[in-house]
Amino acid sequence: RSQQKETVTFADRLWYGGGFSLSFSGGLNGLDGNTFAIGVSPMVGFKLTPFISIGPRFEFLYTTGRFRNSFSGPVIKYNGIDYGAGIFTRAKFLSFLFAHAETNYINRVFPTGFNGNKIVTERVGDNQTLIGLGYTSGGVFKSEVLLLYDLTADSQSTNLPLVYRFGFTYNF
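Residues numbered from 1 in each chain as written. Predicted model: local features only at pLDDT ≥ 70, side-chain atom pairs only at ≥ 80, totals over all residues. Heavy atoms only, no water.

Asker: Requested: an account of the sheet that holds strand β5 (residues 97–115), with residues and values cited.
Answerer: Taken in spatial order, the 8 strands of this closed barrel run β1-β2-β3-β4-β5-β6-β7-β8, and their pairing is antiparallel. Pairs of neighbouring strands in the sheet enclose a mean axial angle of 25 degrees, with direction left out of account. In this structure, strand β7 (residues 141–150) lies alongside strand β8 (residues 162–170), joined through 9 bridges in antiparallel fashion. Bridge pairing in β8 places Leu 146 opposite Arg 165. (Pairing = 2+ DSSP bridges. Helix = DSSP H or I, 4+ residues; strand = E, 2+ residues; numbered from the N terminus. Axes fitted to C-alpha atoms, helices over the stretch in contact; angles between N-to-C directions.)

Asker: Tell me about empty space enclosed by the protein, residues and numbers included.
Answerer: With the rule as written, the count across this model stands at 1 cavity of 30 Å³ or more. A volume near 30 Å³ is recorded for the largest cavity. As for the largest cavity, its lining consists of Arg 57, Phe 58, Glu 59, Gly 84, Ala 85, Gly 86, Glu 102, Asn 104 and Ile 106. Mapped onto the lining of the largest cavity, the elements with two or more residues apiece are β3 (52–68), β4 (75–92) and β5. (1 Å grid on protein atoms, 1.4 Å probe; cavity = no way out; pocket = protein on both sides within 12 Å on 5 of 7 lines; lining within 4 Å. Points joined across faces, edges and corners; volume = space filled by probe spheres on them.)

Asker: Go over the pattern of salt bridges with me, naming the residues and quoting the values.
Answerer: Throughout the structure, instances matching the rule amount to 4 salt bridges. Notably, a salt bridge pairs Glu 102 with Arg 57, separated by 3.7 Å at the nearest N-O pair. Of this pair, Glu 102 sits in strand β5 while Arg 57 sits in strand β3, and the two are 45 residues apart along the sequence. The salt bridge partner of Arg 90 is Glu 144, with a shortest N-O separation of 2.8 Å. Within this pair, whereas Arg 90 is found in strand β4, its partner Glu 144 is found in strand β7, the two being separated by 54 residues in sequence. Comparing Arg 90 with Glu 144 shows no difference in burial state: the two are buried. Each member of the salt-bridge network shares a partner with another, and the members are Arg 57, Glu 59, Glu 102 and Arg 165. (Salt bridge = Lys/Arg side-chain N within 4 Å of Asp/Glu carboxyl O. Buried < 20%, exposed > 50% of the residue type's maximum accessible area, 1.4 Å probe, protein only.)

Asker: Got a sec to walk through the side chain of Lys 142? Specific residues and values, please.
Answerer: Along the chain, Lys 142 falls in strand β7. Here Lys 142 occupies a buried position and makes no salt bridge, while the nearest side chain of opposite charge, Glu 144, is found at 8.6 Å. Residues in contact with Lys 142, not counting those within four places in the same chain, are Lys 92, Ser 95, Thr 136, Ser 137, Gly 167, Phe 168, Thr 169 and Phe 172. (Lys, Arg positive; Asp, Glu negative; His and termini not counted. Contact = heavy atoms within 4.5 Å.)

Asker: Report on the pairing of strand β1 (residues 14–25), specifying residues and quantitative values.
Answerer: For a regular strand, side-chain orientation follows a simple rule: the groups alternate between the two sheet faces. Sheet topology places β1 next to strand β2 (residues 33–47); 12 bridges connect them, and they run antiparallel. Bridge pairing in β2 links Phe 20 to Val 40. In terms of strand pairing, β1 meets β8 through 4 bridges, oriented antiparallel. Across the sheet, the residue bridging to Tyr 16 is Tyr 170, located in β8.

Asker: Requested: an account of the pairing of β4, with residues and values cited.
Answerer: Taken together, the 17 bridges between β3 and β4 define a ladder with antiparallel strand orientation. Residue pairing for β4: Phe 58 is matched across the bridge by Ala 85. Sheet topology places β4 next to β5; 10 bridges connect them, and they run antiparallel. Residue Tyr 83 lies in a different strand from β5, and its bridge partner there is Asn 107. Between the antiparallel neighbours β4 and β5 lie 4 residues.

Asker: Break down the nonpolar core for me, citing the residues and quoting the values.
Answerer: Grouped together as the largest cluster of nonpolar side chains are 8 residues: Trp 15, Met 43, Phe 88, Phe 98, Leu 130, Leu 146, Leu 148 and Phe 172. With sequence-adjacent residues up to four places away left out, Leu 130 is seen in contact with His 100, Ala 101, Glu 102, Asn 104, Leu 148, Tyr 149, Asp 150, Val 163 and Arg 165. One finds Leu 31, Tyr 78, Val 109 and Ile 119 within the second-largest nonpolar core, a separate group that totals 6 residues. (Core = buried A, V, L, I, M, F, W, Y, C linked by side-chain atoms within 4.5 Å.)

Asker: Just give me the short version of the packing of aromatic side chains, but keep the residues and values in it.
Answerer: Tallied over the full model, the rule gives 9 aromatic pairs. Ring geometry for Trp 15 against Phe 172: centres 4.7 Å apart, planes inclined by 55 degrees, an arrangement best described as tilted. With Trp 15 in strand β1 and Phe 172 in the segment after β8, this pair connects stretches of sequence that are 157 residues apart. With a relative accessible area of 0%, Trp 15 lands in the buried category. With 5.0 Å between their ring centres and 45 degrees between their planes, Phe 24 and Phe 36 make a pair best called tilted. Taken as a pair, Phe 24 in strand β1 and Phe 36 in strand β2 lie far apart in primary sequence, 12 residues in all. Looking at Phe 36, the relative accessible area reads 27%, which means it is partly exposed. Through a chain of ring-to-ring contacts, the aromatic side chains of Trp 15, Phe 88, Phe 98 and Phe 172 assemble into a single cluster. One cation-aromatic arrangement involves Arg 90 over Phe 88; the distance from NZ or CZ to the ring centre is 5.8 Å. (Phe/Tyr/Trp six-rings, centres within 6.5 Å; stacked < 30°, edge-to-face > 60°. Lys NZ or Arg CZ within 6 Å of the ring centre and 35° of its normal.)

So, in C-alpha cells, the structure goes:
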C-alpha cells in the first residue's frame, strides 16, 4: 500500500473574519445632538500552525450626526469617516478560546465645536496596542466575542481602556 501525504496549500491556511459596528448616541464630544455610526472591520488570518495565526485587520467607521449650536439655532449636520489598519496574532489554546494581540493605527475625526453654522472638526491619528481573550463557537462559520485591553490608552482619559468586539469568522 502506498500512503499519500496530504498537501496543505497557502489557501488552506487562510481564514477570514470581521465585525460590524452599530451605535446610536446622544451627543458627541460634549456637543448637544444625536449621532449614528456604522462600520465594518474585515480581517484575514494565516495559520502558521493549526494554533497560531497572523494577519492584517482593517477598520472603517462612518458617523453622521445632527447638532444644535443653541436652543433655537438651526440644526447642523455632521458626517465623518474613521479608518485604520493593523496587524494581529492569535493563539488558539482551546477549540473555543484564543488569545489575541494587535497593534494598529486609527485615524479618527472629532467634532470639537461650532464656528457659526459650521461644525469644527479635528482629525487625530492614534496607535493602539491591544491584548486580550476571545471566545468562538460554531463549525466552519463561527461567531466570536473578544475582550481586549488597550495598553496604550491615555491614563488621563475618562474612556475605559477596554475594547469589546463581536464578529464572525470562516475557517478559523
